[in-house]
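# A look at the structure
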Amino acid sequence: MSFREKNGKIFSMGLLQYREVDWDDLGGDAQPPTMSWREFLAWCSAVLVVFALILFFLPLRDLLLSPGELAAKYPRSYAWLNRCDTSCERDVNIDYLALQRQCSGLVALYSDDRQPRLLSWRLAVDDRASALGCEGFPHELRAIHSSVVQVEQNRGPLLEQARWEREQNMLDAQAQTVTRYEQSLAEGDLLQFVSRIVQDPSDPGIVTLTTAPAWDRLPASQRAQIQDVLWQKWALIHSPTEPEQSRIILNAQE
């Protein structure tokens, strides 16, 4: 066979192979892979297992139980608890109330308005006093709610007054600290370099010092030394055990 024949044969074979290409289907409309029955059954089994675990850990069957059956299944810590439910029980020191056996003491505890969870507190005290047969107990549930609402309304101004007093005490303490600092600077003959001292209200560890004209007449080398002394005196007064919490800021006089 000649080279031409060989080339022609090769060309013809290549042409045949070239013509075997289906130009109507170039892979653009590829069909999505289908799921086999085995894979489908595996997915169904996984879903059933997850659903069974949810049913096992979530007590959905408890919704069908009566109150008596629920009480038997989930007994309370103390049998005398009645209107104080599980949420109320978490808010109150039930063990402390269980030790109370005197009606006079329970009456005083019921009237204690300082409890943070007052409604839960009064429900629990009422349950305890009722179990002991104390006179005047149990109170009506509506009366308990009304008394708690009244206390909360009266408590608002008292809390605001207490907050104002705390702020005033803090300001007084800061003023005393600044006064001590001024006295310390005066004793060290350093007050001549400071015309004003202001403590930061948001961070009491910081004081802003407004420099006096005498500060501007100091050489730069002496300024660095005196600035270090000003900081040391402030740290000894404000936070002697933790001096890193004390800072001073020098502002030039306008």
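Here, the structure is the one placed above.
First, a word on what this report is: a plain description of the structure on this page. Per chain, residue numbering runs from 1 following the sequence as it is written. With pLDDT at 70 or above as the cut-off, local features in this predicted model cover only qualifying residues; side-chain atom pairs require 80 or more to be listed or tallied, and sums for whole chains, interfaces and linings still use all residues. To obtain the side-chain values, all non-hydrogen atoms of the structure were included, while hydrogens and water were left out.

### A few points about the overall build of the protein chain
- When its secondary structure is counted, the protein chain shows 10 helices and 3 strands.
- For helices the rule is a DSSP run of H or I covering at least 4 residues; for strands it is a run of E covering at least 2, with both sets numbered from the N terminus onward. Element order for the protein chain, N to C, with α for helix and β for strand: α-α-α-α-α-α-α-α-β-β-α-α-β.
- Whether a residue is buried, partly exposed or exposed follows from its accessible area with a 1.4 Å probe, protein chains only, as a fraction of its type maximum: under 20%, in between, or over 50%, in that order. Across the 254 residues that make up the protein chain, the buried fraction comes to 24%.
- Contacts are residue-level and defined by heavy atoms, with any inter-residue pair within 4.5 Å sufficient. When contacts within the protein chain are restricted to residue pairs at least 6 apart in sequence, those whose partners lie at least 24 apart make up 52%.
- Total accessible area computed for the protein chain in this model is approximately 18,900 Å², and 57% of it derives from carbon and sulfur atoms. Accessible surface area values rest on a Shrake-Rupley calculation with a 1.4 Å probe, where residue burial reflects the displayed protein chains alone.

### Things to note about the side chain of Ser-184
- In this structure, Ser-184 sits in helix H8 (residues 141–187).
- Accessibility expressed as a relative area gives 15% for Ser-184, which makes it buried.

### Some words on the pattern of salt bridges
- We count a salt bridge whenever a side-chain nitrogen from Lys or Arg sits within 4 Å of a carboxyl oxygen from Asp or Glu. One pass over the structure, following the stated rule, counts 3 salt bridges.
- We note a salt bridge from Asp-126 to Arg-83, for which the minimum N-O separation is 2.6 Å. Here Arg-83 lies in the loop between helix H3 (67–73) and helix H4 (86–91) and Asp-126 lies in helix H7 (residues 118–131), a separation of 43 residues in the sequence.
- Asp-126 gets classed as buried once you look at its relative accessible area, which sits at 0%.
- Close ionic contact of Arg-122 with Asp-113 constitutes a salt bridge, the shortest N to O distance being 2.6 Å.

### Some remarks on the nonpolar core
- Side-chain atoms within 4.5 Å are what join buried Ala, Val, Leu, Ile, Met, Phe, Trp, Tyr and Cys residues into a set we call a nonpolar core. The biggest cluster of nonpolar side chains holds 22 residues, and the ones touching the most others in it are Leu-97, Trp-121, Ala-124 and Val-125.
- Those elements giving two or more residues to this core turn out to be helix H5 (94–98), helix H6 (103–110), H7 and H8.
- Top contributing element to this core by residue count: H7, with 6 residues.
- For Ala-124, the residues in contact, after removing those within four places along its chain, are Trp-80, Cys-84, Cys-88, Val-92, Ile-94 and Leu-97.

### Describing the state of the cysteines
- Here, two cysteine sulfur atoms that lie within 2.5 Å of each other are counted as a disulfide. Considering all chains together, one arrives at 2 disulfides under this definition.
- Cys-84 shares a disulfide with Cys-88; S-S distance 2.0 Å. Across the S-S bond linking Cys-84 and Cys-88, the dihedral sits near -100°, which makes this disulfide left-handed.
- Between Cys-103 and Cys-134 runs a disulfide, and the two sulfur atoms are separated by 2.1 Å. Between Cys-103 and Cys-134 the disulfide shows an S-S torsion of about -85°. By sign, it is left-handed. With Cys-103 in helix H6 and Cys-134 in the loop between H7 and H8, this residue pair connects regions lying 31 residues apart in the sequence.
- Accessibility expressed as a relative area gives 29% for Cys-103, which makes it partly exposed.
- Under the relative-accessibility criterion, Cys-134 is labelled buried at 3%.
- With its disulfide-bonded cysteines labelled consecutively along the sequence, the protein chain is connected as 1-2, 3-4.

### A word on the packing of aromatic side chains
- Aromatic rings from Phe, Tyr and Trp, taking only the six-membered ring of Trp, are treated as a pair when their centres fall within 6.5 Å; an angle between ring planes under 30 degrees marks them as stacked, one over 60 as edge-to-face, and anything in between as tilted. Evaluated as defined, the whole model comprises 4 aromatic pairs.
- Ring centres 6.4 Å apart and planes at 75° place the aromatic pair Phe-193 and Trp-215 in the edge-to-face group. You can see Phe-193 sitting in the loop between H8 and strand E1 (194–199) and its partner Trp-215 sitting in helix H9 (residues 213–216), a full 22 residues away along the chain. Across the pair, exposure class does not vary: Phe-193 and Trp-215 are buried alike.

### Focus: the sheet that holds strand E3 (residues 247–251)
- Strand pairing is assigned whenever DSSP detects at least two bridges linking the two strands. Spatially, E1-E2-E3 is the arrangement adopted by the 3 strands of the open sheet, whose pairing is mixed. Edge strands, defined here as strands with exactly one partner in the open sheet, are E1 and E3. Across the sheet, the mean angle separating the axes of adjacent strands is 25° when strand polarity is ignored.
- Bridging between strand E2 (residues 206–211) and E3 involves 5 bridges; their strand directions are parallel. Across the sheet, the residue bridging to Val-207 is Ile-248, located in E3. To obtain an axis, a line is fitted to C-alpha atoms, over the contacting stretch when the element is a helix, and the angle between two such axes runs from 0 to 180 degrees between their N-to-C directions.

Geometry only, nothing functional implied.
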